[in-house]
Amino acid sequence: MLKKSLKIFLALLFIAAGIEISLRCIGYLPGDLRPSLSYFKPVDSLVVIPDFVTNEEGILVANRTYFNEQGVFINEEGFRTKSFTALDSTKRKLLFIGDSFTWGMSAKPFYKNSFCDLLARDSSKEVINLGIPAADPLQYAALAEKYIPTIQPNEVFVLFFMG
């Protein structure tokens, strides 16, 4: 058993050494991880799209100016939902906290057909969508701490994409 294991080890060592020598012969060096066919080209400037920004409390929100220019309503707090002052207190309030899935990034068009938008079509409910792309559990906690006491929803849903 020991002889067989030693033979296998020596064979693998011989193969690895052969590959190493072959790669060095064609110009590769140890630790050289650059792609051999680079399609990167230098640029003279970068374009910054200010679609999402961090507010003074460190919470990631949508940039109202940018999205209003795109024809997408963003409330005064920076979310793609109706103004919190316009909420009907007689209706059942559903608060959704999440990332791009909650925001509706994959919906077509995202500003009309996210699952929150579909739920909001039920006139008996107030749907508050606090979804923001790139949000994480730390942001979910910050949103919950800030908005649950003021909005006082009947139900809170925290959704995140696990993929």
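Residues numbered from 1 in each chain as written. Predicted model: local features only at pLDDT ≥ 70, side-chain atom pairs only at ≥ 80, totals over all residues. Heavy atoms only, no water.

On the surface, a cluster of nonpolar side chains totalling about 840 Å² of accessible area is made up of Ile 8, Leu 12, Phe 14, Ile 15, Ile 19, Leu 23, Ile 26 and Tyr 28. Structurally, Ile 15 is set in helix 1 (residues 2–25). (Patch = residues over 30% accessible without salt bridge, like charges linked within 9 Å, V, L, I, M, F, W, Y side chains within 5 Å. Areas by Shrake-Rupley, 256 points an atom, 1.4 Å probe, with all protein chains shown as cover. Salt bridge = Lys/Arg side-chain N within 4 Å of Asp/Glu carboxyl O. Helix = DSSP H or I, 4+ residues; strand = E, 2+ residues; numbered from the N terminus.)

Now for the nonpolar core. Phe 79, Phe 84 and Leu 130 are the most contacted members of the largest nonpolar core, which has 22 residues in total. Counting residues per element, the ones that place at least two in this core are strand 2 (60–62), strand 3 (92–98), strand 4 (125–131) and helix 5 (137–151). With four residues, helix 5 is the single largest residue contributor to this core. Non-local contacts of Leu 130, meaning those with residues more than four positions away in its chain, are made with Phe 79, Phe 84, Leu 95, Phe 96, Ile 97, Gly 98, Leu 143 and Tyr 147. (Core = buried A, V, L, I, M, F, W, Y, C linked by side-chain atoms within 4.5 Å. Buried < 20%, exposed > 50% of the residue type's maximum accessible area, 1.4 Å probe, protein only. Contact = heavy atoms within 4.5 Å.)

What follows deals with the environment of Ile 132. Counting through the fold element by element, Ile 132 comes out in the loop between strand 4 and helix 5. For the pair Ile 132 and Met 105, spaced 27 residues apart in sequence, the C-alpha to C-alpha distance is 9.1 Å.

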